[in-house]
Amino acid sequence: MRLSQFFSSARTPRSAQTVEAPATGEHDLRPSDSQLDLYGLTHPGNVRAENQDHFLVGTVHPEVVVHGTSLANMDRLPLRGQRLATMLLVADGVGGQAGGSEASRLATEAITAYVSSTLRCYHAAGTSADQVFLDALRTAALKAHETVSVESAIRGDLRMATTLTLGIVVWPWLYVVQVGDSRAYFCCDGTLRQVTRDQTMAQDLVDEGVLPADRVADSPFNHVLSSAIGGSAAMPVVTRIDVRGVSPVVLLCSDGLTKHVSDREIEQHILGIQSSEQLCRVLLELALERGGSDNITLVVGRVKTS
């Protein structure tokens, strides 16, 4: 992430929520834990000395921690409840700033702590009270923003900012929270879609009709964020989509991948996926072969078909 102009130039991105009609059929059944194939990796790339990216992949469960009991057969107790959610996260520290790595670490820790402490909200997901869950996700991102901003203020001369893209699957919905330009993709039924909108000045200009979409890659504002955790503006956007269908795959990545690998190529490799680890490593190698000009981070979650 290269953002030399970020702290002096920021715009307010649009906020949007996408809701798709529920699917029906054989893919409605909630996948078991054993069917989940989750993997993530991060690499400094070929140019940067420091890796300022962080990622997290996990599942959320209600859990009972027993500190003492007279029961002899503890294995009979359901100490770990049914999976509430699956969590994928990528945070790309602002390059060129000394606090980029620290910002991405703090944001990852802060939002994970918040997600784990609000278990009651998961029961609202996909129901008539769904707005409660959407609000909780926005609050989680703003809590991360507050954490990074406070730490930056305490340190005085250390500027800290990061992107944050969080995907949470509460079956059958995928909720994506985005601040910045790390992307979330969803591939299902043989079709790839970019779930997120890049929160950059270049994309703002495209949306305003000032810059043609085919000139974004060449724009000097292409990697200047208009929204970032810890920056002068943090505007989380939450998107919800139905993930039921044939061979669903979720991919989150920093722009170290998308600088070198096109959406079409990402789609082709996802359609030929053997495992989440294999997909991550193939896309990483492709980005490295083409220069690896930035830190590269990928996380993939899919439902195994066999």
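Residues numbered from 1 in each chain as written. Predicted model: local features only at pLDDT ≥ 70, side-chain atom pairs only at ≥ 80, totals over all residues. Heavy atoms only, no water.

Colleague: Please clarify how the environment of glycine 245 should be interpreted in this entry.
Modeller: Along the chain, glycine 245 turns up in the loop between strand S8 (237-242) and strand S9 (249-253). A residue is classified by how much of its surface remains accessible, and glycine 245, at 13% relative accessible area, is buried. In the structure, glycine 245 is positioned 73 residues away from proline 172 in sequence and 9.9 Å away in space, judged by C-alpha atoms. (Helix = DSSP H or I, 4+ residues; strand = E, 2+ residues; numbered from the N terminus. Buried < 20%, exposed > 50% of the residue type's maximum accessible area, 1.4 Å probe, protein only.)

Colleague: I tried to follow the pattern of salt bridges on my own but got confused; where do I start?
Modeller: In a structure, side chains of opposite charge can pair up when their charged atoms sit close to one another. Evaluated as defined, the whole model comprises 17 salt bridges. Between arginine 105 and glutamate 102 there is a salt bridge, and its shortest N-O distance comes to 2.5 Å. Of the two residues, arginine 105 and glutamate 102 are both situated in helix H1 (residues 100-117); the distance of 3 residues between them amounts to about one turn of the helix. With a closest N to O distance of 2.5 Å, aspartate 204 and arginine 197 form a salt bridge. For aspartate 204, a relative accessible area of 4% corresponds to the buried category. Residues participating in the shared-partner salt-bridge network are Glu102, Arg105, Glu109, Glu151 and Arg155. (Salt bridge = Lys/Arg side-chain N within 4 Å of Asp/Glu carboxyl O.)

Colleague: Mind showing me how you'd approach the sheet that holds strand S5 (residues 173-179) here?
Modeller: An order of S2-S3-S4-S5-S8 is seen for the 5 strands of this open sheet, with the pairing classed as antiparallel. Looking at which strands have only one partner, the edges of the open sheet turn out to be strand S2 (53-60) and S8. Pairwise comparison of adjacent strand axes, ignoring direction, gives a mean angle of 10 degrees for this sheet. In this structure, S5 lies alongside S8, joined through 6 bridges in antiparallel fashion. Opposite tryptophan 173, over in S8, you have aspartate 242 as the bridge partner. Here H1 sits on the sheet and contacts S2, strand S3 (85-92) and strand S4 (164-170); the angle it forms with S2, its principal contact strand, is near 15 degrees. Against the sheet, helix H2 (residues 130-155) makes contact with S4, S5 and S8, and its axis sits at roughly 30 degrees relative to S5, the strand it touches most. (Pairing = 2+ DSSP bridges. Axes fitted to C-alpha atoms, helices over the stretch in contact; angles between N-to-C directions. Contact = heavy atoms within 4.5 Å.)

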